[in-house]
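# A closer look at the structure
These are the residues of each chain, in order.
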Amino acid sequence: MAENSLEQVVFDKPKVELHVHLDGAIRVQTIVDVAKRRGIPLPASSVEEMTHNIIVHQPATLTQFLSKFEAYMHVIAGDREAIKRIAYEFVEDKAKEGVIYVEVRYSPHLLANTEVDPIPWNQEEGDLSPDEVVHLVNKGLSEGERAFNIKARSILCCMRHMPNWSMDVVELCKKYRHEGVVAIDLAGDESLNCEACPGHRKAYEEAVRCGIHRTVHAGEVGPASVVKEAVEVLKAERVGHGYRTLEDRVLYKQLLAQNMHFEVCPVSSKLTGACDSDFTKHPVITFRKDKANYSLNTDDPLIFNSTLQLDYITAQKYMGFTEEEFKRLNICSAKSSFLPEKEKEELLEQLYEAYGMIQSTAF
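## Considerations on helix α15 (residues 308–319)
Count 3.6 residues to each turn of an α-helix, and residues three or four apart come out pointing the same way. Between the first and last C-alpha of α15 there are 16 Å, a value that for 12 residues agrees with the 16 Å anticipated at 1.5 Å per step. The buried fraction of α15 amounts to 9 of the 12 residues, a majority that puts the element mostly inside the structure. What α15 keeps buried is the set Leu 308, Gln 309, Leu 310, Asp 311, Tyr 312, Ile 313, Thr 314, Ala 315 and Met 319.

Laid out in structure tokens, this is it:
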């Protein structure tokens, strides 16, 4: 991240981040430390070489991007100390970026090594279940909150290629809803729709029934029809990415009218090949012009060798973003967060005060 740290600070005010993956935001030093402690060989011995191996240097396909996780997930998965540590360090890193509220997402099953079928990352069966993974992440996040004075909540991900995990995920959302878990998500290959994988639909129906908040990765690389399914079938309250919504003008107008929130990740969308590598053609420019409800997020800062500041710099430099728009989108992000109403109002008051805006209690 060295080359990015030389950049100027574009928006030096409190920020809200809603779309970032815990397993895509791990410090390389931590991967190296844990591998050494566990005696796991890595393809590179130094932090510099390992960073070079993990990061995406040029726009790639989403499949190539997803293969990057295989370089290090086997090191962290199944290790209690490592899982709690990555959650704690994540909060510290976000605090340094000026984030005062973050929702971080992950798949508990991809960090477990028992009570999960199949066991991920070619691990031997162990004794760390998805349930205990959630407990450990909650612990790391809450210790980080106290140490760094920011608020962190989590979202549990279902994986599109693993519909058999989805009911587990919603049950974990229910079990830990008062310990920091605020929502359910669906991530992975968008070509696997809910007709092919009804397990996801059932899990989301249960989430609706129990009042669990819902977001869905849709329209990142998949067509607008995936966004339509997310909103109409899965009853998503927010859309992860959602760039391809613009291909269906009727759907886009409908979602604008509903004030649907789009979790936009500018740097990510270039490097995964989701959007044109020319930032001046990015869909978020249309969102901005239409005064849509959206946030700016890092997605997977480890793999993109990025920070939230880089996303803000990119938006200002290539997409015509102003200080006023940064304020507006962070207020939209706070309003669209999955916090309970009282905590949401407190977060909004913090932002209004920091931004020097007239405080309003009309939400």
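Additional details are given in the paragraphs that follow.
## Section: the nonpolar core
In terms of nonpolar packing, the biggest core is built from 122 residues, with Tyr 72 and Tyr 294 touching the most fellow members. With residues up to four places along the chain from it excluded, the contact list for Tyr 72 reads Asp 23, Gly 24, Ile 26, Ile 31, Ile 54, Leu 302 and Ile 303.

## Let's talk about the pairing of strand β8 (residues 293–296)
Within a regular strand, the side chains alternate between the two sheet faces. Burial of β8 is two-sided: the residues Asn 293 and Ser 295 facing one way and the residues Tyr 294 and Leu 296 facing the other way are all buried. Pairing of strand β7 (residues 261–264) with β8 involves 4 bridges; the strand directions are parallel. Bridge pairing in β8 places Glu 263 opposite Ser 295.

## Digging into the sheet that holds strand β1 (residues 15–21)
Strands belonging to one sheet form pairs held by backbone hydrogen bonds; the direction of such a pair is parallel or antiparallel. If you trace the 8 strands from one edge of the open sheet to the other, you get β1-β2-β3-β4-β5-β6-β7-β8, paired in parallel fashion. Looking at which strands have only one partner, the edges of the open sheet turn out to be β1 and β8. Strand-to-strand twist of the sheet, defined as the mean angle between neighbouring strand axes without regard to direction, takes the value 25°. Strand direction decides the pairing type here: strand β6 (residues 238–241) and β7, joined by 3 bridges, are parallel. Paired with Arg 238 across the bridge in β7 is His 261. On top of the sheet, helix α10 (residues 224–232) reaches β5 (213–218) and β6; it is set at about 170° to β5, its chief contact.

How each quantity is defined
- Within each chain, residues carry numbers counting from 1 in the order of the written sequence.
- Per-residue local features of the predicted model are confined to residues with pLDDT of at least 70, and side-chain atom pairs are confined, for both listing and counting, to 80 or more; whole-chain, interface and lining totals are unaffected and use all residues.
- Derived side-chain values reflect all non-hydrogen atoms in the structure, with water molecules and hydrogen atoms excluded from consideration.
- Helix and strand definitions here come from DSSP, where helices need a minimum of 4 consecutive H or I residues and strands a minimum of 2 consecutive E residues; each element is numbered from the N-terminal end.
- To estimate the expected span of a helix, subtract one from its residue number and multiply by 1.5 Å.
- Each residue is assigned to one of three classes by its accessible area relative to the maximum for its type, calculated with a 1.4 Å probe on protein chains only: buried under 20%, partly exposed between the two thresholds, exposed over 50%.
- We define a nonpolar core as any set of buried Ala, Val, Leu, Ile, Met, Phe, Trp, Tyr and Cys residues linked to one another through side-chain atoms lying within 4.5 Å.
- In this description, contact between two residues means that some pair of their heavy atoms is separated by no more than 4.5 Å.
- Here, a strand pair is defined by DSSP locating no fewer than two bridges between the strands.
- A fitted line through C-alpha atoms represents every axis, and for helices the fit uses only the stretch in contact; the resulting angles, taken between N-to-C directions, go from 0 to 180 degrees.

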